[in-house]
Amino acid sequence: MKHVLEIEELTVTFRTENGDVRPVDDISFAVRPGETVCIVGESGSGKSVTSLAILNLLGKGGEIGPGRIRLAGEQLTEKSGAELRKARGKDAAMIFQEPMTTLNPVLTIGDQLREAIRLHAGLRGKAANAYAAELLREAGIARAEQVLKQYPHSLSGGMRQRVVIAMAIAGKPKLLIADEPTTALDVTVQAQILALLKRLRTDHDTAILLITHDLGVVAEMADRVLVMYAGQIVEETDVFTLFDRPLHPYTRGLMKAVPAISDGPDYRLEAIPGSVPDIGRLPQGCRFHPRCPAAADRCRGEMPTLTPAAPAHLVRCWLAGQSPAS
Amino acid sequence: MSHSELRLDAAAMHAAEPHPTQEAAPENGLRQAARRFARHRLAVLGLAVTVALALTAILAPWLMPHSPYAVTAQFSAPPSASHWLGTDQVGRDVLSRLIIAARVSLIVGFATVAIYVAFGTLVGLVSAYFGGWIDAAIMRLTDMFLAFPFMMVILVIVSAVGASLPTIIAVIALFSWPSVALLVRSNVLSLKAQDFVTAGRALGYGTPRLLFRHILPNTAGPIIVNATFGIASAILSEAGLSFLGMGVQPPTASWGNMLSEAQSLTVLTEQPWLWVPAGSMLLVTVLAINFVGDGLRDALDPKA
């Protein structure tokens, strides 16, 4: 199998009273086994909707299509509800942002883990319990047997996120989709959770699709990076190229907005002026042009396409070829 | 800014490998609820009374001094050494009838509530989870049931079908489920939008599993509280129907049909042993169960 996940020309449409909006508009990418791909972007860029769309978890109102999603070699977009359900947790599992609310408050950790295990590993009774403890230990929880008997409210945020991760890996998924898995956690706990995800990737060759707005997390985790803006991919390349030679003005703006340890105390961070456009009222031409420092006439009238600027480096900008990165 | 600098940043915040903190084993939900319940003196008292009543009903054959149906020659006799609470208008022992009547009240109370809470919960779950036209149809039906003048409809049904214990249970249940359905629906509507439900779907859990194993237990507290108050109100409904002669039929004893003997003014003023005991039992039972309900509401409310 060449790719764990292949997404081609995916569009997600929400029908609203003010007409249809497309938080995800014609995006394509692929994830290889054992690879970590990060999707970065501001709030409202469509990165979370993309992650939910993969397992069809958008709920009522969000329509997927046109576009194709292939997970573990199988076409998800053509599957029935029951077939799709089988893929969830087994082929791909998800880790969410808020560990405080992603666990059921009235069931013990053991109940919840054993349920996932029964469904995905087919184990019951003592075997399920032993496997549950093993998963917790793998997720870095030392006194696993004790934690199995506890309720979520008695665990800290970091512990809960470990439990969520333990549940996600119960079915040995080929792909872990992590939607801002560390955003709600303390910085030290963040680092531990990222280290845990890294270890899972090396130990099991699990591919990770990591959704984040934190470039520090990207640098730490990613093999490849997709930068999203207003529902589109604006730049895609490997992590080293992205940090060394970002081509899209938006990506460059994001980089400048992050403090570096070498910055002096008087260094002022640069912000990108304006905010992400309302997806119901997108500007003509390039979606970034109202905020772009280099916008030209062409940018205002014509939408740029995602084109290779270098080998394995795609960018959606008319000016990318002309002005080399500073 | 280069990539290596960012790596440094990330490495700086990168503490040593996992050092998860462990907390002491916590109190589980049930024990915590029991502790909160115990703080309510009246609720504990109510629970004690309810348990005593239940035991009385179960052990009735051994507690009754006489047969509740045996007719003696003394009609409407005042309390005496052999008949502690006197005899009724056809000469039966009032105390024995009072004891056996506890069965009727508790059976009606618990059976009615068991039936309508199960039905109402299912309706509320289905309505809220599926939404759309299913929800709209079910809610209009619920509105319809709530708009019925239910005592009148019950009277009509009972006179048409004939009064008996199962009939009474069925008709009271028929008109009580909408409140549970509305309660469950509103709770499920807020629960199904919660992250743990999405997380469950992401793990491949099907709708029935999510509904019954994940969402339903989260709304158990309010349902239990509602059911407790429902028991008290079902007992009152049965008493009302029996008082009107549309409920439990003599010679079977029920506190309601015992009370109906007080319909004559002479009984009301001159033979209080015929109605005060039955009336008191109703009052005590309903109060006790309502106290339990109040206690449970505080004990099970996660926000309290």
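Just so we're clear, the structure is a prediction, and the values are computed from it rather than from any experiment.

Rules used in this analysis
- Residues numbered from 1 in each chain as written.
- Chains lettered and ligands numbered in written order.
- Predicted model: local features only at pLDDT ≥ 70, side-chain atom pairs only at ≥ 80, totals over all residues.
- Helix = DSSP H or I, 4+ residues; strand = E, 2+ residues; numbered from the N terminus.
- Rg over C-alpha atoms; globule rule 2.2 N^0.38 Å.
- Buried ≥ 20, exposed ≤ 12 C-beta atoms within 10 Å, placed from the backbone.
- Contact = placed C-beta atoms within 7 Å.
- Domains from an automatic or database assignment.
- Nonpolar A, V, L, I, M, F, W, Y, C, P; charged D, E, K, R; others polar.
- UniProt positions renumbered as here; feature names shortened; annotations may be inferred.
- Expected span 1.5 Å × (residues − 1).
- Pairing = 2+ DSSP bridges.
- Axes fitted to C-alpha atoms, helices over the stretch in contact; angles between N-to-C directions.

Focus on the overall build of chain A
Working step 1: The helix and strand tally for chain A stands at eleven helices and 13 strands.
Working step 2: Scaling as 2.2 N^0.38, a compact globule of 326 residues should have a C-alpha radius of gyration of about 20 Å, and chain A matches this with 21 Å.
Working step 3: Taken along the three principal axes of its C-alpha coordinates, chain A extends 70 × 50 × 40 Å.
Working step 4: For chain A, the proportion of its 326 residues judged to be buried stands at 48%.
Working step 5: Sequence-distant contacts in chain A: of pairs separated by 6 or more residues, those separated by 24 or more amount to 64%.

Considering the domain arrangement of chain A
All names here are of chain A.
Working step 1: According to the domain assignment, chain A contains domain 1 (5-91 + 174-290 + 303-315) and domain 2 (105-172).
Working step 2: One C-alpha centre belongs to domain 1, the other to domain 2, and the line joining them spans 28 Å.
Working step 3: Facing twelve residues of domain 1, the contacting portion of domain 2 comprises 13 residues.
Working step 4: With six residues, helix α7 (residues 187-204) is the largest single contributor of residues to the side of domain 1 that touches domain 2.
Working step 5: Along the lines of polarity and charge, the residues of the side of domain 1 that touches domain 2 split into eight nonpolar, three polar and one charged.

Details of the UniProt feature "domain: ABC transmembrane type-1" (unreviewed entry) in chain B
Working step 1: The UniProt entry lists residues 102-293 of chain B under the feature "domain: ABC transmembrane type-1" (unreviewed entry), expressed in the numbering used here.
Working step 2: Helix makes up 79% of residues 102-293 of chain B and strand 0%, and the two end C-alpha atoms of the span are 20 Å apart.

Focus: unusual backbone geometry
Working step 1: Of the consecutive residues B:P250 and B:P251, the connecting peptide bond is found in the cis state with omega at 15°.
Working step 2: Secondary-structure assignment places B:P251 in the loop between α12 (220-243) and α13 (255-259).
Working step 3: Even without being glycine, A:D205 reaches a positive phi, approximately 60°.
Working step 4: Mapped onto the elements of the fold, A:D205 is located in the loop between α7 and β9 (207-212).
Working step 5: Positive phi values are uncommon outside glycine, yet A:A312 reaches one of about 55°.
Working step 6: On the secondary structure map, A:A312 appears in the loop between β12 (307-310) and β13 (313-315).
Working step 7: Judged by the 10 C-beta atoms lying within 10 Å of it, A:A312 is exposed.

Observations regarding helix α6 (residues 157-168) of chain A
Owing to its 3.6 residues per turn, the α-helix aligns residues three or four sequence positions apart on the same side.
Residue and element names in this part refer to chain A.
Working step 1: For α6, which comprises twelve residues, the first-to-last C-alpha distance of 16 Å matches the rise-based estimate of 16 Å (1.5 Å per residue) to within 8%.
Working step 2: Within α6, eleven of the twelve residues are buried, which leaves the element mostly enclosed by the surrounding structure.
Working step 3: Those residues of α6 lying buried are G158, M159, R160, Q161, R162, V163, V164, I165, A166, M167 and A168.
Working step 4: Considering only its buried residues, α6 is in contact with β7 (92-95), α3 (109-120), α4 (125-138), β8 (175-179) and α7.

What about the pairing of β8(A)?
Residue and element names in this part refer to chain A.
Working step 1: Summarising burial for β8: five of the five residues are buried, a large majority.
Working step 2: With four bridges connecting them, β7 and β8 associate as parallel partners. Across the sheet, residue A92 finds its bridge partner in β8, namely L175.
Working step 3: Where β8 meets β9, five bridges bridge the pair, whose relative direction is parallel. Note on β9: the bridge partner recorded for L176 is I208.

Considering the sheet that holds β12(A)
Residue and element names in this part refer to chain A.
Working step 1: Read from one edge to the other, the open sheet built from eight strands follows the order β7-β8-β9-β3-β10-β11-β13-β12, with strand pairing classed as mixed. A single partner strand is all that each edge strand has here, and the edge strands are β7 and β12. Along the sheet, successive strands turn relative to each other by an average axial angle of 25°, direction set aside.

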